[in-house]
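Chain by chain, the residues run as shown.
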Amino acid sequence: SAVISQKPSRDICQRGTSLTIQCQVDSQVTMMFWYRQQPGQSLTLIATANQGSEATYESGFVIDKFPISRPNLTFSTLTVSNMSPEDSSIYLCSGIPGSSYNEQFFGPGTRLTVL
Amino acid sequence: SQQGEEDPQALSIQEGENATMNCSYKTSINNLQWYRQNSGRGLVHLILIRSNEREKHSGRLRVTLDTSKKSSSLLITASRAADTASYFCATDARGGANSKLTFGKGITLSVRP
């Protein structure tokens, strides 16, 4: 398994600002992902964070709005840019350890509220 | 669109009873994973079942997979109040380097003490 931490755990932000969320894994993971969970909803994949190259975004998500970095095998960041109240969600990162058969482990999430 | 669809959407049982939750999906899969989420927190990985497996156990959890019916079930035996949570199934169509999970809407389980 993998232990994944996220910072911050929650934040309240003003419209038009940006927030960067950090994701740290305690061991090397082959793949890392970012998800959004809107209030009362299920999880939606935003993008796959690729080490050393641009992230792969899902339909409906773009790099200008959700820039992602992954400088190494244990760390990634997601920025939510030019925020609006519709961006209020829980943002979760996840990873698949190299020793795992595709088991995907999740961080505790970052609860974002945009006013 | 959502791949997995769980039912029921909400389930309320008495402590000690068994809870059965079902998940149906539409396209072929490499594996299917079940997760638990407590009160909007992070997801806890419960079990992964591969497409060539029919049943797996982990403690009080039993997962079955029927690829002919494109369905899976999660059974929690002898439920406890601490099992109260939302449960999600997630399908991985390709696995490996192309692994990508698609989540169902989730089931809210309430276990009454």
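Residues numbered from 1 in each chain as written. Chains lettered and ligands numbered in written order. Predicted model: local features only at pLDDT ≥ 70, side-chain atom pairs only at ≥ 80, totals over all residues. Heavy atoms only, no water.

### What about the interface of chain A and chain B?
Convention followed: We call two residues in contact when some of their heavy atoms are within 4.5 Å. By buried area we mean the combined loss of accessible area, with a 1.4 Å probe, across both parts when two parts are placed together. When a carboxyl oxygen of Asp or Glu is within 4 Å of a side-chain nitrogen of Lys or Arg, the pair counts as a salt bridge. In protein, a polar contact means a hydrogen-donor-capable atom and an acceptor-capable atom, both N or O and within 3.5 Å, with residues adjacent in sequence counting only if both atoms are side-chain atoms; elsewhere, any N or O pair within 3.5 Å suffices. Note on conventions: DSSP H or I runs of at least 4 residues are helices, E runs of at least 2 residues are strands, and numbering of each starts at the N terminus.
Of the residues lining the interface, 20 residues belong to chain A; the matching set on chain B comes to 25 residues. Buried surface at the junction of chain A and chain B, both sides included, amounts to about 1,700 Å², of which 53% is carbon and sulfur. Among the residues of chain A in contact with chain B, S42, Y101 and N102 of chain A are the three that bury the most area, contributing 32% of the side total. If you look at where chain A meets chain B, you find one salt bridge. A salt bridge links K100 of chain B to E58 of chain A; the nearest nitrogen and oxygen atoms lie 3.0 Å apart. Here chain A is connected to chain B by eight residue pairs in polar contact (both at pLDDT 80 or more). Of all the secondary-structure elements, those providing two or more residues to the side of chain A that touches chain B are β4 (29–37), β5 (43–49), β9 (89–97) and β10 (105–106) of chain A. Take the side of chain A that touches chain B: its biggest share by element is four residues, from β4 of chain A.

### Some words on the nonpolar core
The test is simple: Side-chain atoms within 4.5 Å link the members of a nonpolar core, which is a set of buried Ala, Val, Leu, Ile, Met, Phe, Trp, Tyr and Cys residues. Buried means the residue's accessible area, taken with a 1.4 Å probe over protein chains only, is under 20% of the maximum for its type, while exposed means over 50%, and partly exposed covers the values in between.
Counting 26 residues, the largest nonpolar core has W34, I46 and L78 of chain A as its most contacted members. Every element with two or more residues in this core is listed here: β3 (19–25), β4, β5, β8 (75–80), β9 and β11 (110–114) of chain A. Ignoring anything within four residues of it in the chain, the contact list for L78 of chain A reads L19, T20, I21, W34, I46, F66, P67, I68 and Y91 of chain A. Judged by nonpolar contacts, the second largest core, of 23 residues, contains M21, Y25, L32 and A85 of chain B.

### A look at the confidence of the model for chain B
Our working rule: What pLDDT conveys is the predictor's confidence in a given residue, as a value from 0 to 100.
Overall, the prediction assigns chain B a mean pLDDT of 93, with 96% of residues at 70 or greater. By mean pLDDT, the top-scoring element of chain B is strand β7 (residues 61–66) of chain B (98), and the lowest-scoring one is strand β1 (residues 5–7) of chain B (80).

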